[in-house]
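Spelled out from the first residue to the last, the chains are:
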Amino acid sequence: MLVREVYEDCFHFNESTLAHCIYHLLEEEKISLDDDMAKVDFKQVDNQKVATMIQNNLLGINKFGIFSLKMNQKEFVFIFANSKQEAIQYYHDTFYTSPLNCHEYTLDYQLARGNKVFSFREMRKDFENIPAIAGFFEKENF
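These lines cover the structure that appears in this document, whether it is placed above or below. (Residues numbered from 1 in each chain as written. Predicted model: local features only at pLDDT ≥ 70, side-chain atom pairs only at ≥ 80, totals over all residues. Heavy atoms only, no water.)

**Focus on the layout of surface pockets**
Space left empty within the atom packing is revealed by a probe, the size of a water molecule, rolled over the atoms. Empty space within the largest pocket amounts to approximately 330 Å³. Sorting the residues of the lining of the largest pocket by element identifies β1 (65–70), β2 (75–81), β3 (102–105), β4 (110–113), α5 (120–124) and β6 (132–138) as the ones contributing at least two each. Take the lining of the largest pocket: its biggest share by element is 4 residues, from β6. A class-by-class count of the residues in the lining of the largest pocket yields 12 nonpolar, 4 polar and 2 charged. (1 Å grid on protein atoms, 1.4 Å probe; cavity = no way out; pocket = protein on both sides within 12 Å on 5 of 7 lines; lining within 4 Å. Points joined across faces, edges and corners; volume = space filled by probe spheres on them. Helix = DSSP H or I, 4+ residues; strand = E, 2+ residues; numbered from the N terminus. Nonpolar A, V, L, I, M, F, W, Y, C, P; charged D, E, K, R; others polar.)

Below you can see the structure in the form of structure tokens.
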């Protein structure tokens, strides 16, 4: 796999650390976008410089997740947010109460709607702002 492909994937999958490491190595001209990723020597990374880049979010990569917040014994709401705390606060601001619990799901969790299967990662593209409600789920009788 080429550096270019991995670098693009970093933006698609919100892999901030790897993207900043690659950016740093490109900037220092230690690698090129057409190099084989298997031959990249990450020992050449200046960890302090990369940490500063990440802290300043130089590449504009925002981490986000999908959180399941329990509304009652049967109902749940899924919220896209940057952190568990942000999801809980958004829930509280929206529903004027606290959730019973909050759990993070993987963005690659597969959902079915009709005949279509999609992931939360794909669904995220439909939202301009975060935090946002992705949808609701109701448990069948248990």
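Alright, that's what it looks like, and here's the rest.
**Notes on the packing of helix α2 (residues 16–27) against helix α3 (residues 47–55)**
In the contact formed by α2 and α3, the axes pass within 9 Å of each other and the chain directions differ by 125°. Classified by the angle their axes make, α2 and α3 are oblique. Judged by the sense of rotation from one axis to the other, the crossing of α2 with α3 is right-handed. Note on element contacts: α3 touches α2 through Lys49, Val50, Met53 and Ile54, opposite Ser16, Thr17, His20, Cys21, Tyr23, His24 and Glu27. The residue inventory of the contact of α2 with α3, partitioned by class, reads 5 nonpolar, 4 polar and 2 charged. (Axes fitted to C-alpha atoms, helices over the stretch in contact; angles between N-to-C directions. Parallel < 35°, antiparallel > 145°, perpendicular 65-115°, else oblique. Left-handed = near helix turned anticlockwise from the far one by under 90°. Contact = heavy atoms within 4.5 Å.)

**What about the pattern of salt bridges?**
Taken as a whole and assessed by the stated rule, the structure comprises 4 salt bridges. With its nearest N and O atoms 2.6 Å apart, the salt bridge here joins Asp34 to Arg4. Highlighted residues: Asp34 in the loop between α2 and α3 and Arg4 in helix α1 (residues 3–12), separated in sequence by 30 residues. Exposure remark for Asp34: the relative accessible area of 51% places this residue in the exposed category. (Salt bridge = Lys/Arg side-chain N within 4 Å of Asp/Glu carboxyl O. Buried < 20%, exposed > 50% of the residue type's maximum accessible area, 1.4 Å probe, protein only.)

**Some details on the pairing of β1**
β1 sits mainly inside the fold: 6 of its 6 residues count as buried. For β1 and β2, the ladder comprises 6 bridges, and the chain directions are antiparallel. The residue of β2 that forms the bridge with Lys70 is Phe76. Two successive antiparallel strands, β1 and β2, enclose a turn made up of 4 residues. Pairing geometry for β1 and β3, over 4 bridges, is antiparallel. (Pairing = 2+ DSSP bridges.)

**Here's the deal with α3**
In this structure Asp46 caps α3, since a side-chain oxygen of it lies 3.1 Å from the backbone nitrogen of Gln48. One or two positions beyond α3, positive phi appears at Asn57, with a value near 50°. (Polar contact = N/O pair within 3.5 Å; in protein donor to acceptor, adjacent residues only side chain to side chain.)

**Quick word on the nonpolar core**
Here is a general trend for soluble globular proteins: nonpolar side chains tend to be buried in one another's company. In this structure, Val3, Ala19, Ile22, Ile31, Met37 and Val40 are the most contacted members of the largest nonpolar core, which totals 15 residues. The set of elements that each furnish at least two residues to this core consists of α1 and α2. Apart from the residues within four sequence positions on either side, Ile31 is in contact with Val3, Ile22, Leu25, Leu26 and Val40. Counting 11 residues, the second-largest nonpolar core is a separate cluster that includes Ile66, Leu107, Leu111 and Phe120. (Core = buried A, V, L, I, M, F, W, Y, C linked by side-chain atoms within 4.5 Å.)

**A closer look at the environment of His103**
Within the secondary structure, His103 sits in strand β3. Each C-alpha atom of the pair His103 and Val45 lies 34 Å from the other, and the pair is 58 residues apart in sequence. Residues contacting His103, with those up to four places away along its chain left out, are Ile66, Phe67 and Ser68.

By themselves, these figures tell us nothing about what the structure is for.
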